[in-house]
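The chain contents come next:
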Amino acid sequence: MNQGADCAAGASARERQQIGVFDLLIAGRAAEARAPREALTYWDWAQDLLSRYERSAPGGRAGRCVGGTRITILTGRGRVYCQLLKIREAKEDYAQALRLAVDLADVKSQADAL
């Protein structure tokens, strides 16, 4: 689920650029990287950027797009945790992603989080 463009609607030009870059780089490449520890760093950066955007979005406009992007981050980070055999952390991320997907009634993301 790539909702970075929708999320960027209320952000500054610089934030929109960062959201787009991180969405493409992180969701598209980090999970496949042969360097899982570095991938975790990128996923954490994306999570931080998304949280900052969520706090700055006027009038709660961030809602659904932030949820969808956060699911992408959590499931990607969960895959990396599995590669590192950090099963507890992976389960926590997948469980949080599943809760968000259920809240958003996003069946595809629910399946990805299982």
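Preceding this paragraph is the structure being described.
In what follows, the accompanying structure is described. The shown structure was predicted, so the numbers you read here are calculated from the model rather than taken from an experiment.

With that settled, the discussion passes to the pattern of salt bridges. Evaluation of the coordinates by the stated rule reveals 4 salt bridges. The closest approach of N and O atoms between Arg52 and Asp48, which form a salt bridge, is 3.1 Å. Of this pair, Arg52 and Asp48 both sit in helix H3 (residues 36-56), 4 residues apart, roughly one helical turn. The exposure class of Asp48 is partly exposed, given its relative accessible area of 38%.

The next point concerns the nonpolar core. Residues Leu40, Trp43, Ile73 and Val80 are the most contacted members of the largest nonpolar core, which totals 13 residues. Elements represented by at least two residues in this core include exactly H3, helix H4 (63-83) and helix H5 (87-103). The leading source of residues in this core is H3, at 6 residues. Judged by nonpolar contacts, the second largest core, of 6 residues, contains Ile71, Ala97, Ala101 and Ala113.

When you line up the elements, Leu40 lands in helix H3. A residue is classified by how much of its surface remains accessible, and Leu40, at 10% relative accessible area, is buried. Measuring from C-alpha to C-alpha, the distance between Leu40 and Tyr81 comes to 8.0 Å, with 41 residues separating the pair along the chain. Excluding residues that lie within four positions of it along the chain, Leu40 makes contacts with Arg77, Val80, Tyr81 and Leu84.

How each quantity is defined
- Residues numbered from 1 in each chain as written.
- Predicted model: local features only at pLDDT ≥ 70, side-chain atom pairs only at ≥ 80, totals over all residues.
- Heavy atoms only, no water.
- Salt bridge = Lys/Arg side-chain N within 4 Å of Asp/Glu carboxyl O.
- Helix = DSSP H or I, 4+ residues; strand = E, 2+ residues; numbered from the N terminus.
- Buried < 20%, exposed > 50% of the residue type's maximum accessible area, 1.4 Å probe, protein only.
- Core = buried A, V, L, I, M, F, W, Y, C linked by side-chain atoms within 4.5 Å.
- Contact = heavy atoms within 4.5 Å.

Geometric descriptors of this kind do not, in isolation, establish any biological role.
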